[in-house]
Amino acid sequence: MVLDSQFADGETDQQAEDERHAALAYLDEAWNEAIYDGLDEDCLAQAALFAAIRSLVSTYGEEAAAGFATRLADRIRAGEYTVPENRQ
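Our subject in this report is the structure included herewith. For every chain, the first residue of its written sequence is number 1, and the numbers climb from 1 along that sequence. Totals for whole chains, interfaces and linings use all residues, but because this is a predicted model, local features are given only for residues with pLDDT of at least 70 and pairs of side-chain atoms are given and counted only at 80 or more. Hydrogens are left out, water is left out, and the side-chain values use all remaining heavy atoms of the structure.

A short note on the overall build of the protein
Reasoning step 1: The helix and strand inventory of the protein stands at three helices and zero strands.
Reasoning step 2: Strands are runs of DSSP state E lasting at least 2 residues, helices are runs of H or I lasting at least 4, and numbering of each runs from the N terminus. Order of helices (α) and strands (β) in the protein, N terminus to C terminus: α-α-α.
Reasoning step 3: The 88 residues of the protein split such that 8% are buried.
Reasoning step 4: Pairs at least 24 residues apart make up 32% of the contacts formed inside the protein by residues separated by at least 6 positions.
Reasoning step 5: Roughly 7500 Å² of accessible area belongs to the protein as shown, and the carbon and sulfur atoms make up 54% of that amount. Buried residues are those whose accessible area, probed at 1.4 Å on protein chains only, stays under 20% of the maximum for their type, while exposed residues exceed 50% and partly exposed ones sit between those limits. In this description, contact between two residues means that some pair of their heavy atoms is separated by no more than 4.5 Å. Per-residue accessibility takes into account occlusion by the displayed protein chains alone, with areas from the Shrake-Rupley method and a 1.4 Å probe.

Right under this line is the structure:
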């Protein structure tokens, strides 16, 4: 898989989506465990962003990672990272 949801080596959109969901489940579990252990959520968020950006730079290079980061502001404003509240 290449940066910004473009697929290589015959990987299908559904395979990539399934992999992203599995990865998020792992990260959610680790996040919740860290909160349970008393780590500050803001500290976790900053560490997670640092680790993610470091990995993107290592995998795709500084220019591609910077381009991805540049587009993040618009994606955040568009609600891509907003989780709807559960209504019961």
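Continuing now.
What about helix α3 (residues 62–77)?
Given 3.6 residues per helical turn, the α-helix brings residues three or four places apart onto the same face.
Reasoning step 1: With 16 residues, α3 should cover 22 Å at 1.5 Å per step; its first-to-last C-alpha distance of 24 Å lies within 8% of that length.
Reasoning step 2: Of all the bends in α3, the largest measures some 30 degrees and sits at R71.
Reasoning step 3: One or two residues past the end of α3 sits G79, with phi positive at roughly 90 degrees. The length a helix should cover is 1.5 Å for every residue beyond the first. Throughout, bend refers to the angle between the axes fitted to the seven residues that end at a position and the seven residues that start at it.

Thoughts on the pattern of salt bridges
Reasoning step 1: Salt bridges are defined as contacts in which a side-chain nitrogen from Lys or Arg sits within 4 Å of a carboxyl oxygen from Asp or Glu. Scanning all chains against the criterion turns up three salt bridges.
Reasoning step 2: In this structure, the salt-bridge partner of R75 is E80, at a minimum N-O distance of 2.9 Å.

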